[in-house]
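These are the residues of each chain, in order.
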Amino acid sequence: MKTGVSFYNTCRFPRNIARTSFLLCIVALFLYGVSIFSDVTNPWELPIDERILNRKDVSHIVLETRPGGFRVTLLINERFPYNYKSKSSAFYYSNIKDSKEGLELAEKLDRYLQSGFNMKIRFNGSEIYEFILDESIQ
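We now turn to the structure provided with this report. Just so you know, the residues in each chain are numbered from 1, in the order the chain's sequence is written. Since the coordinates come from a predicted model, pLDDT governs what is reported: local features require at least 70, and pairs of side-chain atoms require 80 or more to be given and counted, while whole-chain, interface and lining totals use all residues. With hydrogens and water set aside, each side-chain value is computed from the structure's full complement of heavy atoms.

**A short note on the overall build of the chain**
And then number 1: Only DSSP runs of H or I reaching four residues or more are called helices, and only runs of E reaching two or more are called strands; each is numbered from the N terminus. From N to C terminus, the chain includes 2 helices and 6 strands.
And then number 2: Reading the secondary structure of the chain in the N-to-C direction produces α-β-β-β-β-α-β-β.
And then number 3: When burial is assessed residue by residue, the chain has 22% of its 138 residues classed as buried.
And then number 4: For the chain, restricting intrachain contacts to residue pairs at least 6 apart in sequence, the fraction spanning at least 24 positions comes to 48%.
And then number 5: For the accessible areas, the method is Shrake-Rupley and the probe is 1.4 Å, while residue cover comes only from the protein chains on display. Counting every atom, the chain has about 10,800 Å² of accessible surface; 57% of that belongs to carbon and sulfur. Think of it in three bands: with a 1.4 Å probe and only protein chains considered, a residue is buried below 20% of the maximum accessible area for its type, exposed above 50%, and partly exposed in between. Two residues form a contact once any of their heavy atoms are found within 4.5 Å.

**Brief notes about the nonpolar core**
And then number 1: In this structure, Leu74, Met119, Ile121 and Phe131 are the most contacted members of the largest nonpolar core, which totals 18 residues.
And then number 2: Put simply, the parts of the chain that give this core at least two residues each are strand S3 (69-76), strand S4 (89-96), helix H2 (99-114), strand S5 (119-124) and strand S6 (127-132).
And then number 3: The dominant element in this core, judged by the number of residues it contributes, is H2, at 5 residues.
And then number 4: In this view, Phe131 contacts Leu74, Tyr93, Leu105, Leu109, Met119, Lys120 and Ile121; residues no more than four positions away in its chain are not counted. Among buried residues, those of type Ala, Val, Leu, Ile, Met, Phe, Trp, Tyr and Cys that are joined through side-chain atoms within 4.5 Å constitute a nonpolar core.

**Some thoughts on the packing of aromatic side chains**
Each aromatic ring pair is described using two quantities: the centre-to-centre distance and the angle formed by the ring planes.
And then number 1: To pair, rings of Phe, Tyr and Trp, with the six-membered ring standing in for Trp, must have centres within 6.5 Å; the planes then decide the type, stacked if under 30 degrees apart, edge-to-face if over 60, and tilted in the middle. Evaluation of the coordinates by the stated rule reveals 3 aromatic pairs.
And then number 2: An angle of 35° between the planes, with centres 5.8 Å apart, marks the rings of Tyr112 and Phe117 as tilted.
And then number 3: Over the ring of Tyr92 we find Arg71, and its NZ or CZ is 4.0 Å from the ring centre. Charge over a ring is defined by NZ of Lys or CZ of Arg lying within 6 Å of the ring centre and within 35 degrees of the ring normal.

**Concerning H2**
And then number 1: Residue count minus one, scaled by 1.5 Å, sets the expected span of a helix. Under the 1.5 Å per step criterion, the end-to-end length of H2 is 22 Å for 16 residues, consistent within 8% with the ideal 22 Å.
And then number 2: Those residues of H2 that sit buried are Gly102, Leu105, Ala106, Leu109, Tyr112 and Leu113. End-on view of H2: buried residues confined to an arc of 130°, all on one side of the axis. Seen from the buried face of H2, the exposed residues on the opposite side, beyond 90 degrees, are Lys100, Arg111 and Gln114.
And then number 3: Of the surrounding elements, those touching the buried residues of H2 are strand S1 (50-53), strand S2 (58-66), S3, S4, S5 and S6. Here, the arc refers to the directions that run from the helix axis to the C-beta atoms.

**So, the pattern of salt bridges**
And then number 1: We define a salt bridge as a side-chain nitrogen of Lys or Arg found within 4 Å of a carboxyl oxygen belonging to Asp or Glu. Evaluation of the coordinates by the stated rule reveals 5 salt bridges.
And then number 2: Glu50 serves as the salt-bridge partner of Lys120, at 3.7 Å between the closest nitrogen and oxygen. Taken as a pair, Lys120 in strand S5 and Glu50 in strand S1 lie far apart in primary sequence, 70 residues in all. One exposure class covers both Lys120 and Glu50, and it is buried.
And then number 3: Notably, a salt bridge pairs Arg122 with Glu130, separated by 2.9 Å at the nearest N-O pair.
And then number 4: Overall, the relative accessible area of 30% leaves Glu130 in the partly exposed class.
And then number 5: When salt bridges that share partners are traced, they join Glu50, Lys120, Arg122 and Glu130 into one network.

Next comes the structure, spelled out in structure tokens:
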């Protein structure tokens, strides 16, 4: 004789939670990409006033004389897929007292970039206010 009371699907509920949480983890890894596990900095995750540069990005390092003093200017191109239609942009560092200090800074930056390391710059508009020369920047 049947009583009409049934306990249907009582054991499937924990499996659905486990499957849902597993799928959410897979989606999170897909959205955040490999940057969670790698040492390479994603340029889209940098603050708006920072940029990572290497020798491929910097085409010229120029020491300029200005009415107020001297400044070192970096002419920067975009990376490969976009550089055929882009224009060079100039970032300058103007906290220089004399031409000797400017020449030393320009040569130091050139040697650093020629060695194959990346450098990070912090800027306001087109004026650089800080160079970060760290060999661990990827």
